[in-house]
Amino acid sequence: MSDNINMDQAEELQELDRLEEITADAEPPTPALLSYRYVTMQQKSNARSPSPTMLLDKKLNIQWVNESFKALYGSQAAAVGRQLSNFFTQEIKDSRHGNLIQGITSPKSGFSWLGRVEKKSRDRLSVIANLLILPIFDSPETGTLPVGYMGILDNISAELRQMLRTTYESLLGAARLKDNDTGNHIERVNRYARKMAQSLLGIDEYPEVDREFIETIGFLAAMHDIGKIGTPDDILNKEGPLEAWEWEIMQEHTLNGAFIMSSYPNPMAKEIALRHHERWDGSGYPHDLSENLIPLSARLVAIGDVYDALRMKRSYKQPFNHQEAQKIIIKDSGSHFDPSLVEYFIELENDFYRIYEELKDP
Ligand SMILES: [Fe+2]
Ligand SMILES: [Fe+2]
């Protein structure tokens, strides 16, 4: 949580105090000198650094941030006065260069550190950045300790997001080669899920819904059947009802999907693949989960997935029109589907209708 200082880090910060007592030969800087140095650094950073930059005191309290920093994290993310690990919402990840506190207190690492930090907020996408921390010294003498630090951030969110998307889209492409009757189904399921998530934003019952959630479900909903990549073709494409043993293998696409998606950094990926066939009353598969034990993302995808499957023409069924499909979803509210979410589905019926029509299969 954002306001919890990681206990280990808190302890390590106390270590910093002790360290200073031991190395008392390094003269502590006077407050005036410190502020003079900070002012100088501020001017330098402002003038020269397009990178988001912050100045930290020796206990890693943020003293100042430049304009690029403010632009990156937004005005709501007031940073000055907060402790570094408190400002970033995810635990600060130590890099291959080692632990943060060790890095910045050790001459061996040049009192510096390079690692990754992440910040989430409700109305913005998560920002993932590489952070380089460099020491600020008060005097050019060797053997002195840093009086503060400069942190320079490199926002890699867009590259990371793009890389992930490209990778998983290729995987989806491979899955589509096998399951060839899906057409635009998966794009439409993305759109329904995104639309429903949007309508839950800011509602107290759904605190997990933020900008990141909406963006992520709008991409990941399409991956719900990715596990079918492991389902034998003759079962996948069989016309007519499946034998009991075939049905068992078919159901395994949820488990296979969970396995495939487990490497995705957001757990929502795995949740959707694993849970999109669970039912509100516990009669679904693979684990008979019920009600709120089924993750919200999967409960949302289930509605979009079934609505769309009903609308589609399949080898074994004629397409239903919007009213018929809607009626079936409403009938199954509380048994198959989360009844509260069905309310939102009803409110959004024009959007469902429009999405299906816009992305209709030729
Ligand atoms: Fe499925
Ligand atoms: Fe589907």
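For this particular structure, what's the right way to read the overall build of the chain?
Secondary structure assignment for the chain yields 16 helices and five strands. The buried share among the 362 residues of the chain stands at 34%. For the chain, contacts bridging at least 24 residues in sequence account for 58% of all contacts bridging at least 6.

Which parts of the structure should I look at to understand the pairing of strand E2 (residues 62–65)?
A regular strand places its side chains on the two faces of the sheet in alternate fashion. Where strand E1 (residues 53–57) lies against E2, three bridges are found, and the strand directions are antiparallel. Following the sheet pairing, Leu55 is matched in E2 by Trp64. The hairpin formed by E1 and E2 contains four residues between the paired strands, and Leu60 there has a positive phi angle of roughly 65°.

I keep staring at the packing of helix H7 (residues 185–200) against helix H8 (residues 211–220) and nothing clicks. Help me out?
Angle between the axes and distance between the axes: these two values describe a pair of packed helices. Taken N-terminus to C-terminus, the directions of H7 and H8 make an angle of 165°; their axes are 7 Å apart at the nearest point. Looking at the two axes, H7 sits roughly antiparallel to H8. Considering only the axes of H7 and H8, their crossing is right-handed. Residues Asn190, Ala193, Arg194, Ala197 and Gln198 of H7 touch H8, and the partners they reach there are Phe213, Ile214, Ile217, Gly218 and Phe219. Residues that form the contact of H7 with H8 fall into these classes: six nonpolar, three polar and one charged.

Teacher, can you tell me more about the environment of Thr89 here?
Along the chain, the position of Thr89 falls in the loop between helix H4 (84–87) and helix H5 (100–105). For Thr89, a count of 16 C-beta atoms within 10 Å gives the class partly exposed. Each C-alpha atom, one on Thr89 and one on Ser126, is 9.6 Å from the other, the two residues being 37 residues apart in sequence.

What exactly am I supposed to notice about the pairing of E1 here?
Burial within E1 is extensive, with four of its five residues counted as buried. In terms of strand pairing, E1 meets strand E5 (residues 148–155) through five bridges, oriented antiparallel. What sits directly across from Asp57, in E5, is Gly148.

Looking at this model, I keep getting lost on the packing of H7 against helix H15 (residues 339–347). Mind explaining?
The N-to-C vectors of H7 and H15 enclose an angle of 105°; their axes lie 10 Å apart at closest approach. Viewed along their axes, H7 and H15 adopt a mutual orientation that is roughly perpendicular. Packed against H7, whose contacting residues are Met196, Ser199 and Leu200, the element H15 presents Leu341, Tyr344, Phe345 and Glu347 at the interface. Its residues assigned to classes, the contact of H7 with H15 comprises five nonpolar, one polar and one charged.

Please clarify how the confidence of the model for the chain should be interpreted in this entry.
Residues shown with low pLDDT carry predicted positions that ought not to be read at fine detail. When pLDDT is averaged across the chain, the result is 85; 81% of the residues are at 70 or more. The secondary-structure element of the chain with the lowest mean pLDDT is helix H1 (residues 7–22), recorded at 54, while H15 shows the highest, at 98. The low-confidence segment residues 1–5, where pLDDT is below 50, has seven contacts with residues more than four positions distant or belonging to other chains.

Mind showing me how you'd approach the nonpolar core here?
In a soluble, globular protein the nonpolar side chains are often hidden away together inside. Counting 42 residues, the largest nonpolar core has Ala193, Leu220, Met223, Ile272, Leu300 and Ile303 as the members making the most contacts within it. No other element matches the seven residues that helix H13 (residues 296–311) contributes to this core. Sequence-distant contacts of Ala193, defined by excluding residues within four places in its chain, comprise Ile217, Gly218, Ala221, Leu300, Val301 and Gly304.

Sorry if this is basic, but what is going on with the sheet that holds E2 here?
Strand pairing within a sheet occurs via backbone hydrogen bonds; the two strands may be parallel or antiparallel. Strand order in the open sheet made by the five strands is E2-E1-E5-E4-E3, with antiparallel pairing throughout. Looking at strand neighbours, the two that pair on one side only are E2 and strand E3 (113–121), the edges of this open sheet. When strand polarity is set aside, the average angle formed by the axes of neighbouring strands in this sheet is 30°. Relative to strand E4 (residues 124–136), E3 runs antiparallel, the two being bridged by eight bridges. Bridge assignment links Lys119 to a residue of E4, and that residue is Val127. Set on the sheet, helix H6 (residues 157–178) makes contact with E4 and E5; between it and E4 the angle comes to about 130°. The sheet contacts of H8 involve E3 and E4, and relative to E4 the element is tilted by about 115°.

What counts and what doesn't
- Residues numbered from 1 in each chain as written.
- Chains lettered and ligands numbered in written order.
- Predicted model: local features only at pLDDT ≥ 70, side-chain atom pairs only at ≥ 80, totals over all residues.
- Helix = DSSP H or I, 4+ residues; strand = E, 2+ residues; numbered from the N terminus.
- Buried ≥ 20, exposed ≤ 12 C-beta atoms within 10 Å, placed from the backbone.
- Contact = placed C-beta atoms within 7 Å.
- Pairing = 2+ DSSP bridges.
- Axes fitted to C-alpha atoms, helices over the stretch in contact; angles between N-to-C directions.
- Parallel < 35°, antiparallel > 145°, perpendicular 65-115°, else oblique.
- Left-handed = near helix turned anticlockwise from the far one by under 90°.
- Nonpolar A, V, L, I, M, F, W, Y, C, P; charged D, E, K, R; others polar.
- pLDDT = per-residue confidence, 0-100.
- Core = buried A, V, L, I, M, F, W, Y, C linked by C-beta atoms within 7 Å.

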